[in-house]
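Chain by chain, the residues:
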Amino acid sequence: MLIHPWDAPTSDSEWQEWLAVHDFGQLTVNGLDGEPPFVQPLHFAYDPRAGADGPGSAGLGEAVTHLARPNPIWRALEASPRVTLSVVDDYTFIPGPWHTPEGAPTEHGTPTSFYAAVLLYCTAHIVDDPQLKADLLRRQVGHFQPRGGTAPVEPGQEPFGRMLPGIRGVRLDVTDVRAKFKYGGNKPERMRRRVMDLLADRDGPHDAAARSHQIRRLSAAADAGTGA
């Protein structure tokens, strides 16, 4: 993923806070014997404070998830545990006329896409121990249902203990991160503010989220003294 300087995160906290509320992505695993990669959509729970602390750990946190035991991804994951978890959201299309330079005909504006993307490069660890799987599931449920409402998972206990053999857990130890917030950061401030207004007027799917990114990043650039 190409990341220009103006699209890069302003800090680690920018992508970590975004990832905390964008918890559905695609896990990509190398295919076997030259086959195409496996791409598995899934929910996950990311914790920047978790993960291995031993030699080789990048200290970038850990994501946890689980999949059904019949999933065809397991052989590939066992053969090649180096994987990528990709999350893309808050995307919208920017029509060419919105990006028309001052004094130029509107048809000379360049169409583009706005989006946020985080790639987590990870080492995957398959979890089959019943108690460790139960612990992993409790972490996921705690992330998605902080108010509770679902019985805890305990091996050998109803209602979910009997279901544990049907799944395998996955811990993803994050070794590197590539994050991008593509929201016109290379454009003059006047043009960026015009696009903000146009997004508010259009009010299509993801337009409000894209606009909030523009506002936040423009403010951060101003605070850093790098605003256009």
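Scope of this entry: the structure provided in the associated data block. (Residues numbered from 1 in each chain as written. Predicted model: local features only at pLDDT ≥ 70, side-chain atom pairs only at ≥ 80, totals over all residues. Heavy atoms only, no water.)

A few points about the overall build of the protein
So the rule is basically this: Elements are defined by DSSP. Helices are runs of H or I of four residues or more, strands are runs of E of two residues or more, and each kind is numbered from the N terminus. Relative accessibility under 20% of the residue-type maximum defines a buried residue, over 50% an exposed one, and the middle range a partly exposed one, all with a 1.4 Å probe and only protein chains included. The contact criterion used is simple: two residues touch if any of their non-hydrogen atoms lie within 4.5 Å. Accessible areas in this description were obtained via Shrake-Rupley with a 1.4 Å probe; residue shielding takes into account the shown protein chains only. Positive charge is attributed to Lys and Arg, negative charge to Asp and Glu, and no charge count is given to His or to the chain ends. A charged residue contributes its charge at one atom only: NZ of Lys, CZ of Arg, CG of Asp or CD of Glu.
A tally of helices and strands in the protein yields five helices and seven strands. If you list the helices and strands of the protein from N to C, you get α-β-β-β-β-α-β-β-α-β-α-α. Seen through its principal axes, the protein has C-alpha atoms that stretch 70 × 45 × 35 Å. Taking all 228 residues of the protein together, the buried fraction comes to 38%. The contacts in the protein between residues at least 6 apart in sequence include a share of 74% that link residues at least 24 apart. Accessible surface for the protein amounts to roughly 12,100 Å². Of this, 54% is attributable to carbon and sulfur atoms. Each charge class in the protein can be summarised by its mean position, and for the 23 positive and 28 negative side chains these summaries are 2 Å apart.

Some thoughts on helix α3 (residues 130-144)
Rules: Here the expected span of a helix is defined as 1.5 Å times the quantity of residues minus one. To obtain the arc, one takes the directions from the helix axis to the C-beta atoms. Identification of polar contacts relies on pairs of N or O atoms within 3.5 Å, with a donor-acceptor requirement for protein atoms, meaning one able to donate a hydrogen and the other able to accept it, and with residues adjacent in sequence counted only if both atoms are side-chain atoms.
In this model α3 runs 21 Å from its N-terminal to its C-terminal C-alpha over 15 residues, within 8% of the 21 Å that 1.5 Å per residue would give. Burial in α3 covers these residues: Lys 133, Ala 134, Leu 136, Leu 137 and Gln 140. Projected onto a plane normal to the axis of α3, the buried residues spread over an arc of 160° and lie on a single side. At its buried positions, α3 is contacted by β2 (38-43), β3 (45-47), β4 (62-68), β6 (112-127) and β7 (167-182). N-capping of α3 is provided by Asp 129, with a side-chain oxygen placed 3.1 Å from the backbone N of Gln 131.

Structural notes on the packing of aromatic side chains
Quick reminder of the rule: The pairing test for Phe, Tyr and Trp rings, Trp by its six-membered ring, is centres within 6.5 Å, and the orientation test on the planes gives stacked under 30 degrees, edge-to-face over 60, and tilted for anything in between.
Taken as a whole and assessed by the stated rule, the structure comprises three aromatic pairs. When the ring of Trp 18 is compared with that of Phe 181, the centres are 6.2 Å apart and the planes differ by 85°; the resulting orientation is edge-to-face. Residue Trp 18 is located in helix α1 (residues 12-20), and its partner Phe 181 is located in strand β7; the two are separated by 163 residues in the primary sequence. Residue class for Trp 18 comes out buried when judged on its relative accessible area of 5%. With relative accessibility at 0%, the residue Phe 181 sits in the buried group.

Overview of the pattern of salt bridges
Condition: Salt bridge criterion: a side-chain nitrogen from Lys or Arg within 4 Å of a carboxyl oxygen from Asp or Glu.
Applying the stated criterion to the full structure yields 15 salt bridges. Measuring nitrogen to oxygen at the nearest pair gives 2.2 Å for the salt bridge that ties Asp 135 to Arg 138. With Asp 135 and Arg 138 both in helix α3 and three residues apart, this pair spans about one turn of that helix. Connected through shared salt-bridge partners, Arg 69, Glu 78, Asp 128 and Arg 168 make up one network.

Some points on the nonpolar core
Here is the rule: In these notes, a set of buried Ala, Val, Leu, Ile, Met, Phe, Trp, Tyr and Cys residues joined through side-chain atoms within 4.5 Å is what counts as a nonpolar core.
Counting residues in each nonpolar core, the largest one holds 37 residues, and the members touching the most others are Trp 15, Leu 19, Leu 120 and Leu 172. Sorting the residues of this core by element identifies α1, β1 (24-29), β4, α2 (73-79), β5 (82-94), β6, β7 and α4 (189-202) as the ones contributing at least two each. Among all residues touching Trp 15, those that are not within four sequence positions of it are Pro 9, Tyr 46, Leu 60, Val 118, Leu 120, Val 177, Ala 179 and Phe 181. In this structure, Leu 137, Val 153, Leu 164 and Ile 167 belong to the second largest nonpolar core, which totals five residues.

Comments concerning unusual backbone geometry
Residue Glu 158 is joined to Pro 159 through a cis peptide bond whose omega torsion reads 5°. Structurally, the position occupied by Pro 159 is in the loop between α3 and β7. Despite not being glycine, Asp 90 shows a phi value in the positive range, around 55°. With respect to the helices, strands and loops of the structure, Asp 90 is situated in strand β5. The exposure class of Asp 90 is buried, given its relative accessible area of 7%. Look at His 206: it is not a glycine, yet its phi comes out positive at around 75°. When you line up the elements, His 206 lands in the loop between α4 and α5 (207-224). Assessed through its relative accessible area of 29%, His 206 is described here as partly exposed.

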